[in-house]
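Listed here are the chains, written in short residue letters.
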Amino acid sequence: MKKTKSVIGMLALVLLFSSAFNPVETGLKEGEHAPMLQLQNAEGPVSLQSLKGRYVLLNFWAGYDAPSRMENIRFAREIDKNRIENISLVSVSFDTNRKVFEEIVKRDELDTATQFYDKDVPSSNTFDDYRLSKGFASYLISPEGVIIAKDPNPEHLTKLIRQ
């Protein structure tokens, strides 16, 4: 019996360490082309193609996830504060309820032109195209449509764009 427990314990340790050193990659990587994206909000349709020639900060978030919600606010404030002109914020919410999304945008004083609601999560093409496991990630996309940073720090946006 002791030998069986020892063997099971050793197997558990091997599995634990093998998964720790071989984490599953989610999302896209720097250097990859950003997949096409078509979104609609109260202001009208937006696509990555229509924003070509500008940097795009593509942010995925949800109101029920406090860290992603705070990051969304920080991105919007940073772009406004530094008056970064050659960048468009495209912020996609994966909230399950449109009214919750609208209330959060209002409460957080976010610009409705930059906020989008993806009602089709988790079966959304966007969710699949960007290989999102939990739905929360950010990408800084170059004017040519190439991902230049994954999960950038909001305070470093200006530096990343000027490189």
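To be clear, the structure that these remarks concern was listed above.
Read on for a plain summary of the structure.

Scoring rules and cut-offs
Residues numbered from 1 in each chain as written. Predicted model: local features only at pLDDT ≥ 70, side-chain atom pairs only at ≥ 80, totals over all residues. Heavy atoms only, no water. Helix = DSSP H or I, 4+ residues; strand = E, 2+ residues; numbered from the N terminus. Buried < 20%, exposed > 50% of the residue type's maximum accessible area, 1.4 Å probe, protein only. Contact = heavy atoms within 4.5 Å. Polar contact = N/O pair within 3.5 Å; in protein donor to acceptor, adjacent residues only side chain to side chain. Core = buried A, V, L, I, M, F, W, Y, C linked by side-chain atoms within 4.5 Å. Arc of directions from axis to C-beta. Phe/Tyr/Trp six-rings, centres within 6.5 Å; stacked < 30°, edge-to-face > 60°. Expected span 1.5 Å × (residues − 1).

1. Thoughts on the overall build of the protein
- Check the secondary structure of the protein and you find five helices and seven strands.
- Each helix (α) and strand (β) of the protein, taken in turn from the N terminus, gives the series α-β-β-β-α-β-α-β-α-β-β-α.
- Classification of the 163 residues of the protein by burial places 42% in the buried group.
- For the protein, the share of sequence-separated contacts (at least 6 apart) that also reach a separation of at least 24 residues comes to 70%.

2. A closer look at the side chain of Ser-138
- Note on placement: Ser-138 falls in strand β6 (residues 137–141).
- Since its relative accessible area comes to 3%, Ser-138 is described here as buried.
- Engagement of the side chain of Ser-138 in a polar contact is seen with the side chain of Asn-59, the distance being 2.7 Å.
- Leaving out residues up to four positions away in the same chain, Ser-138 has contacts with Leu-58, Asn-59, Phe-75, Ala-149, Lys-150, Asp-151 and Pro-152.

3. Digging into unusual backbone geometry
- Its identity is not glycine, yet Glu-109 carries a phi of approximately 55°, on the positive side.
- When you line up the elements, Glu-109 lands in the loop between α3 (98–107) and β5 (115–117).

4. Things to note about the nonpolar core
- Of all hydrophobic cores here, the largest spans 20 residues; its most connected members are Leu-58, Phe-60, Val-90, Tyr-130, Leu-132, Tyr-139 and Ile-141.
- Apart from residues lying up to four places away in sequence, Val-90 is in contact with Leu-39, Leu-51, Val-56, Leu-57, Leu-58, Asn-59, Thr-114 and Phe-116.
- One finds Phe-75, Ile-79, Tyr-117 and Ala-149 within the second-largest nonpolar core, a separate group that totals 19 residues.

5. Concerning α3
- The set of residues buried in α3 consists of Phe-101, Ile-104 and Val-105. End-on, the buried residues of α3 take up no more than an arc of 100°, which puts them together on one face. The exposed set on the far side of α3, more than 90 degrees from its buried face, consists of Lys-99, Lys-106 and Arg-107.
- The elements touched by buried residues of α3 are β3 (55–61), α2 (66–81), β4 (87–93) and β5.
- The N-cap of α3, judged by a side-chain oxygen 2.8 Å from the amide nitrogen of Lys-99 a few residues on, is Asn-97.
- Among the residues trailing α3, Glu-109 stands out with phi positive, at a value near 55°.

6. Some points on the packing of aromatic side chains
- This structure, assessed with the given rule, holds six aromatic pairs.
- With a centroid separation of 6.0 Å and an interplanar angle of 70°, the aromatic rings of Tyr-64 and Phe-136 are classed as edge-to-face. Of the two residues, Tyr-64 sits in the loop between β3 and α2 while Phe-136 sits in the loop between α4 (125–129) and β6, which places them 72 residues apart along the sequence.
- Judged by relative accessible area, Phe-136 falls into the partly exposed class, the value being 26%.
- Centre to centre, the rings of Tyr-130 and Tyr-139 are 5.7 Å apart; their planes meet at 45°, and the pair counts as tilted.
- Joined through ring pairs, the aromatic side chains of Phe-60, Phe-94, Tyr-130 and Tyr-139 make up one cluster.

7. Topic: α2
- Its 16 residues give α2 an end-to-end C-alpha distance of 22 Å, which sits within 8% of 22 Å, the value for a rise of 1.5 Å per residue.
- Among the residues making up α2, those that are buried are Ser-68, Asn-72, Ile-73, Phe-75, Ala-76, Glu-78 and Ile-79.
- The elements touched by buried residues of α2 are β3, β4, β5, β6 and α5 (157–162).
- Directly beyond the C-terminal end of α2, a positive phi value near 50° is found at Arg-83.

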